[in-house]
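What follows is each chain in one-letter form.
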Amino acid sequence: MPLAPTEARLQPDPLGGLDDVSLGDAVRRARRDRRLSLQTVADGVGISTGLLSQIERGISSPSVRNLRAICEVIGIPFMSLFEADPAADRENGLIVRSGHRRTVDFGDRGMVKSFLTAHDEGSLQVMEIVMEPGGGSGDESYSHEGEECGVVLCGEAELFVDENSYRLREGDSFQFESKRPHRFRNVGPDICKIMWVTTPPVW
């Protein structure tokens, strides 16, 4: 369910997720482990060495698109940067603690995604999507390969698939092929939460 990644920023989780400094440290360690220079990685991503240096020092918060590109150039899985507790080897790739979720804030779209799957190497991806009243995926429908389904945990949502719209309330669920144009929004007066599953992973 890709949504204009240039507009999304990775957000630190106040309950214990990575902040910008910890994220930058993880990027720097991975780059140095592979003996890659700042210039090499920056050129591969298409950003300046100054910006990459700021990201590594926690001064600048990277966009999702840039962070994914950095991982590709370095040659590491995207989610490897988000191991919140490296000492907990027994849980790595298996458990995601509530305070250690990866989150992406879509800013003026009034929507935040929290990733519930422990890694992105499998065939599915599970997210909790939280939308403020009026928030959502945007005015333009989008499509991609795969399939998705979900259930409304609380609040009211409107789901658009093809040319049809569907009003969903707490407990209602849905399923559709991702190649069908779709979008969604919160149409209620309160926060809306949706458990959303996509296959294959798209973030």
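These figures come from a predicted structure and were not determined experimentally. (Residues numbered from 1 in each chain as written. Predicted model: local features only at pLDDT ≥ 70, side-chain atom pairs only at ≥ 80, totals over all residues. Heavy atoms only, no water.)

**Some words on the overall build of the protein**
In terms of helices and strands, the protein carries 4 helices and 10 strands. Listed by position from the N terminus, the elements making up the protein come as β-α-α-α-α-β-β-β-β-β-β-β-β-β. Long-range contacts, defined here as pairs at least 24 residues apart, represent 67% of the contacts in the protein between residues at least 6 apart. Carbon and sulfur atoms form 46% of the exposed surface of the protein, whose accessible area is close to 10,300 Å². (Helix = DSSP H or I, 4+ residues; strand = E, 2+ residues; numbered from the N terminus. Contact = heavy atoms within 4.5 Å. Areas by Shrake-Rupley, 256 points an atom, 1.4 Å probe, with all protein chains shown as cover.)

**Side note on the sheet that holds strand 7 (residues 164–169)**
Spatial strand order, 7-6-9: 3 strands in an open sheet with antiparallel pairing. Unpaired on one side and paired on the other, strand 7 and strand 9 (182–186) mark the two borders of the sheet. Strand-to-strand, the axes of this sheet are offset by a mean angle of 20 degrees, without reference to chain direction. With 6 bridges connecting them, strand 6 (residues 156–161) and strand 7 associate as antiparallel partners. Counterpart to alanine 157 in the pairing with strand 7 is leucine 168. (Pairing = 2+ DSSP bridges. Axes fitted to C-alpha atoms, helices over the stretch in contact; angles between N-to-C directions.)

**So, the confidence of the model for the protein**
Of the residues in the protein, 86% have a pLDDT of 70 or more, and the chain-wide mean is 85. Here residues 1–7 is modelled with pLDDT under 50, and outside its nearest four sequence neighbours on either side it reaches 33 contacts, counting other chains as well. Segment residues 11–17: pLDDT under 50, and 15 contacts once partners within four positions in sequence are set aside and those in other chains are kept. (pLDDT = per-residue confidence, 0-100.)

**Quick look at helix 4 (residues 64–74)**
Residue pairs three or four apart in sequence face the same way in an α-helix, which turns once every 3.6 residues. Inspection of helix 4 places Val64, Asn66, Leu67, Ala69, Ile70, Cys71 and Ile74 among the buried residues, and these make up the whole buried set. Just downstream of helix 4 lies glycine 75, where phi reads positive at about 90 degrees. (Buried < 20%, exposed > 50% of the residue type's maximum accessible area, 1.4 Å probe, protein only.)

**Topic: the pairing of strand 9**
Here is the key point about a regular strand: its side chains alternate between the two faces of the sheet. Of all 5 residues making up strand 9, 4 are buried, and the element is well covered by its neighbours. Strand direction decides the pairing type here: strand 6 and strand 9, joined by 5 bridges, are antiparallel. Its bridge partner lying in strand 9, leucine 159 is registered against phenylalanine 184.

**A word on the pairing of strand 2 (residues 102–105)**
Both strand 2 and strand 3 (residues 111–115) contribute to a ladder of 4 bridges, which runs antiparallel. Looking at strand 3, one finds that arginine 102 is bridged to phenylalanine 115. As consecutive antiparallel partners, strand 2 and strand 3 are separated by 5 residues, and within that stretch glycine 107 has a phi angle of approximately 60 degrees, a positive value.

**As for unusual backbone geometry**
Following threonine 199, the chain continues into proline 200 via a peptide bond in cis, with omega recorded as 0 degrees. Tracing the backbone through its elements, the reader meets proline 200 in the segment after strand 10 (192–199). Its identity as a non-glycine residue notwithstanding, arginine 35 has a phi of 55 degrees, on the positive side. For arginine 35, the location among the structural elements is in the loop between helix 1 (20–33) and helix 2 (38–45).

**Observations regarding the nonpolar core**
The biggest cluster of nonpolar side chains holds 21 residues, and the ones touching the most others in it are Met131, Leu159, Phe174, Phe184, Ile194 and Trp196. Looking at this core, the elements with two or more residues in it are strand 3, strand 4 (125–131), strand 6, strand 8 (173–177) and strand 10. What methionine 131 contacts, discounting residues up to four positions off in sequence, is Gly110, Met111, Gly136, Ala157, Phe184, Arg185, Asn186, Ile191, Cys192 and Ile194. Core analysis: the second largest hydrophobic core is formed by 19 residues, Ala30, Ala42, Leu52 and Cys71 among them. (Core = buried A, V, L, I, M, F, W, Y, C linked by side-chain atoms within 4.5 Å.)

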